[in-house]
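# Observations on the three-dimensional arrangement
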Protein chains: 2
Amino acid sequence: MRMSAGVEWAVHCCVVLSQAEHPVPSSRLASLHGVSKTYLAKHLQALARAGIARPTEGRDGGYVLMRPPEQISVLDVVQAIDGPEPAFRCTEIRQQGELAAPPEQCRKICGVAKVMADAERAWRTSLSATSIADLAGSFDTSGMRRVLRS
Amino acid sequence: MRMSAGVEWAVHCCVVLSQAEHPVPSSRLASLHGVSKTYLAKHLQALARAGIARPTEGRDGGYVLMRPPEQISVLDVVQAIDGPEPAFRCTEIRQQGELAAPPEQCRKICGVAKVMADAERAWRTSLSATSIADLAGSFDTSGMRRVLRS
DNA sequence: GTACACGTACTCGGATAAGACGTGTCCGAGTGCTGGGGG
DNA sequence: CCCCCAGCACTCGGACACGTCTTATCCGAGTACGTGTAC
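Residues numbered from 1 in each chain as written. Chains lettered and ligands numbered in written order. Predicted model: local features only at pLDDT ≥ 70, side-chain atom pairs only at ≥ 80, totals over all residues. Heavy atoms only, no water.

### Examining the protein's contact with DNA strand D
Around DNA strand D, a shell composed of 21 residues is seen, among which A:Ser26, A:Tyr63, B:Ser4, B:Ser36 and B:Glu57 lie nearest. The separation between a phosphate oxygen of DNA strand D and a polar main-chain atom of B:Ala5 is 3.0 Å. Elements with a minimum of two residues in the surface near DNA strand D: α3 (37–49) and β2 (62–65) of chain A together with α3 (37–49) of chain B. Tallied by class, the residues present in the surface near DNA strand D amount to 6 nonpolar, 9 polar and 6 charged. (Near = heavy atom within 4 Å. Polar contact = N/O pair within 3.5 Å; in protein donor to acceptor, adjacent residues only side chain to side chain. Helix = DSSP H or I, 4+ residues; strand = E, 2+ residues; numbered from the N terminus. Nonpolar A, V, L, I, M, F, W, Y, C, P; charged D, E, K, R; others polar.)

### Some thoughts on the relation of the copies chain B and chain A
Least-squares fitting of chain B to chain A yields an RMSD of 0.1 Å, with the transformation described by 0.0 Å of translation along the axis and a rotation of 180°. Taken together, the rotation and translation describe the operation of a two-fold axis. Relative to the rotation axis, the C-alpha of B:Trp123 is the closest in chain B, positioned 2.6 Å from it. (Least-squares fit on C-alpha atoms with pLDDT ≥ 70 in both.)

### Describing the protein's contact with DNA strand C
Surveying the vicinity of DNA strand C reveals 21 residues, the closest of which are A:Ser4, A:Ser36, A:Glu57, B:Gln45 and B:Tyr63. Protein-adjacent atoms of DNA strand C, using a 4 Å cutoff, are sugar or phosphate at a proportion of 69%. Those elements that place two or more of their residues in the surface near DNA strand C are α3 of chain A together with α3 and β2 (62–65) of chain B. Its residues assigned to classes, the surface near DNA strand C shows 6 nonpolar, 8 polar and 7 charged.

### Some remarks on the pairing of β2(A)
Residue and element names in this part refer to chain A. Sheet analysis places strand β1 (residues 53–56) next to β2, joined by 4 bridges and oriented antiparallel. In the sheet register, Thr56 faces β2, and the bridge partner there is Gly62. Following β1, the chain reverses through 5 residues before pairing antiparallel with β2; Gly58 in that reversal takes a positive phi of roughly 80°. (Pairing = 2+ DSSP bridges.)

### Comments concerning the side chain of A:Gln19
Looking at where A:Gln19 falls in the secondary structure, it is placed in helix α1 (residues 6–19). Sequence-distant contacts of A:Gln19, defined by excluding residues within four places in its chain, comprise A:Ala136, A:Thr141, A:Met144, A:Arg145 and A:Leu148. (Contact = heavy atoms within 4.5 Å.)

### Some remarks on the interface of chain B and chain A
Between chain B and chain A, the contact holds 51 residues from the first and 51 residues from the second. The junction of chain B with chain A conceals about 4,600 Å² of combined surface from both sides, 67% of it contributed by carbon and sulfur atoms. At the boundary of chain B and chain A, one finds 2 salt bridges. Ionic pairing is found between A:Arg28 and B:Glu98, a salt bridge with its closest N-O pair at 3.4 Å. Summed over the shared surface of chain B and chain A, the number is 18 residue pairs in polar contact (both at pLDDT 80 or more). Contributions of two or more residues to the side of chain B that touches chain A are made by α1 (6–19), α2 (26–33), α4 (74–82), α5 (111–128) and α7 (141–149) of chain B. (Buried area = accessible area lost by both parts, 1.4 Å probe. Salt bridge = Lys/Arg side-chain N within 4 Å of Asp/Glu carboxyl O.)

### Some remarks on the pattern of salt bridges
Residue and element names in this part refer to chain A. This structure, assessed with the given rule, holds 12 salt bridges over all chains. Here Arg121 makes a salt bridge to Asp118, at a shortest N to O gap of 2.8 Å. Residue Arg121 and its partner Asp118 are both found in helix α5 (residues 111–128); the two are separated by 3 residues, about one turn of the helix. Note on Arg121: relative accessible area 46%, which makes it partly exposed. By sharing partners, the salt bridges in this structure join Lys114, Asp118 and Arg121 into a single network. (Buried < 20%, exposed > 50% of the residue type's maximum accessible area, 1.4 Å probe, protein only.)

And the structure:
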């Protein structure tokens, strides 16, 4: 199970955006973090589709957070980049093969799928407990703001 | 983020093996669940490498669980198939680009990585709370045993 | 009747292709600023 | 001095290749059982 590397980029970008007072272009965000400009742009589009950041076109344009950083959880960013569908997808193999269970036993969710769903729920709950604002507190925001002004 | 489909197969196979009294060949496990024989064999090898199931060669051979099903957690099976490495891999982009943090600020783990690690820990804890024996209780084990004897 | 040796059928195991997805890149369309000219 | 307009540079956005991992398959090596034979 592997999470897209773009998630890390997106979270860091959100932290930077939470400290910016003006729109920040995707190319600037890329050079700030030392990553590919064009590929980061792709992920920022995903943030825009999810309603987390808003792009401004034209000169002096860039991305701005659409909500206060306290109201953006890490889970929001992860799901924006990685997709909202769960990692485990039950293919209902309990209904296939020689020991296929009869349909009347399959009204309830498969026990395997339930365990996986519970685990993913715990994962999401943990991610949603931290906001971008919380994360920003663990970084050197003063230096971040200084670099953003220059 | 996607989990390997083989995880579902492996968990169901472990449930079946917990009800079997004799070794069950991989080809039998495949036809019982209606999945590819050869591909399932590959995943069963992973279970063997992880010390969960043991293969027996020759005629009347097959796989047998190496531990009582109460002592095999769903997490054990998931990690055997999907690998033990975490889904999120921090690439330390806080040390790259224009706003690279100085090394003395990087002795502690990156805040982003910490949030992800905590979430995955919650996920693993949830998965380890359920054993193969618990799962077997949610299936029709009597029918399973009947089919296995035939 | 018993023990041994052989043949066979079955098992696992690793090495080998095909497909899907994440990763990375490129160029075109659209927009807001800015400088110059006219009123 | 103020307003309007054209040009421009910059931005985003979607369409296009590449590499890697998951998925899927095949064939060979090895082993335990069953049978036939010799003692």
